[in-house]
Amino acid sequence: MAENQHRSWKSSFIQMDDFRDFLKSINWIVATTATAGRSLMIWRVVFGVLNGTLPACLLYVVKGLIESLMAALDSPIPTYSNVLPWVVASLVLAAIQELSKHTIIYITDLLTDRLNRNINLDIFNHLSRFKMEFFDDPDSMDLLSRAKQNTGQHPAMFLSHIIDAMTNLIMAAAILMVLVAIEPLILLVTVPFTPLYFW
């Protein structure tokens, strides 16, 4: 019994150490990314938020387009002057959404390149303190080779996943707000199933 309790305590301490290491890794990723390109990181967040709100805006525009089209068809003399602004708005939003996706890809690639450059510079600066015997060791050279293989991609992708998760939350909240504005009773359907979205 005491041995099992000891193992449980030891396991919990190991998990706490892993959690501390995880927090240190996040802190290093944020600090390194901010050093490599603070403005790029800010723009990545901005376009992530924009990308999250655009689907809700498109949904609202489609609603207005359908309503204006139905009103035009129901009038004695059909006129489509009120339909045209909604069509233009939907096309503009669709173009912005597509442009936003490509901009996010470009920013992520540029941030990855800058991270690779900065991390490689840090590695070379650190290696300059070592003696020549270090470079004669095959294990050391293997470690150095692996350390230089597109190292910046990992923090850049981690940051992108965090922002994408935030974008999904914003998108879900924005779409829900538009749906509630269209039909308040939609809450009776969405609220019970909301926990399943985060499961």
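Here's a quick rundown of the structure. (Residues numbered from 1 in each chain as written. Predicted model: local features only at pLDDT ≥ 70, side-chain atom pairs only at ≥ 80, totals over all residues. Heavy atoms only, no water.)

A tally of regular secondary structure across the protein gives six helices and zero strands. Each helix and strand of the protein, placed in order from N terminus to C terminus, yields the pattern α-α-α-α-α-α. Residue burial in the protein is summarised as follows: out of 199 residues, 25% are buried. The long-range share in the protein, meaning contacts at least 24 apart out of those at least 6 apart in sequence, stands at 79%. For the protein, the accessible area works out to roughly 14,200 Å², and carbon and sulfur atoms hold 69% of it. (Helix = DSSP H or I, 4+ residues; strand = E, 2+ residues; numbered from the N terminus. Buried < 20%, exposed > 50% of the residue type's maximum accessible area, 1.4 Å probe, protein only. Contact = heavy atoms within 4.5 Å. Areas by Shrake-Rupley, 256 points an atom, 1.4 Å probe, with all protein chains shown as cover.)

A word on a nonpolar patch on the surface. A cluster of nonpolar side chains, contributed by Leu50, Leu84, Val88, Val92 and Ile96, occupies part of the molecular surface with about 390 Å² of accessible area. Looking at the nonpolar patch element by element, the count peaks at four residues for helix α2 (residues 83-127). You can see Ile96 is positioned in helix α2. Relative accessible area serves as the criterion here: at 34%, Ile96 is assigned to the partly exposed category. (Patch = residues over 30% accessible without salt bridge, like charges linked within 9 Å, V, L, I, M, F, W, Y side chains within 5 Å. Salt bridge = Lys/Arg side-chain N within 4 Å of Asp/Glu carboxyl O.)

What follows deals with the nonpolar core. If you look at the biggest cluster of nonpolar residues, it comprises 12 residues: Ala34, Ala36, Leu40, Met41, Phe47, Ile104, Ile107, Leu111, Leu115, Ala156, Leu159 and Ile163. Those elements giving two or more residues to this core turn out to be α1 (2-74), α2 and α5 (153-182). For this core, the element with the highest residue contribution is α1, accounting for five residues. (Core = buried A, V, L, I, M, F, W, Y, C linked by side-chain atoms within 4.5 Å.)

Let us now look at the side chain of Gln97. Note on placement: Gln97 falls in helix α2. A relative accessible area of 17% places Gln97 in the buried class. In this structure, Gln97 is in contact with Asn51, Leu54, Pro55 and Leu58, ignoring residues within four places of it in sequence.

Another aspect to go through is the pattern of salt bridges. The final tally for this structure, using the stated rule, is two salt bridges. For Arg44, the salt bridge goes to Asp164, with nearest N and O atoms at 3.0 Å. Residue Arg44 is located in helix α1, and its partner Asp164 is located in helix α5; the two are separated by 120 residues in the primary sequence. By relative accessible area, Arg44 is classed as buried at 4%. With relative accessibility at 33%, the residue Asp164 sits in the partly exposed group. In this structure, Glu67 and Lys63 form a salt bridge, with 3.1 Å as the shortest nitrogen-oxygen distance. Here the residue Glu67 and the residue Lys63 both occupy positions in helix α1, the gap between them amounting to four residues, near one helical turn.

Worth remembering: the numbers are spatial, not functional.
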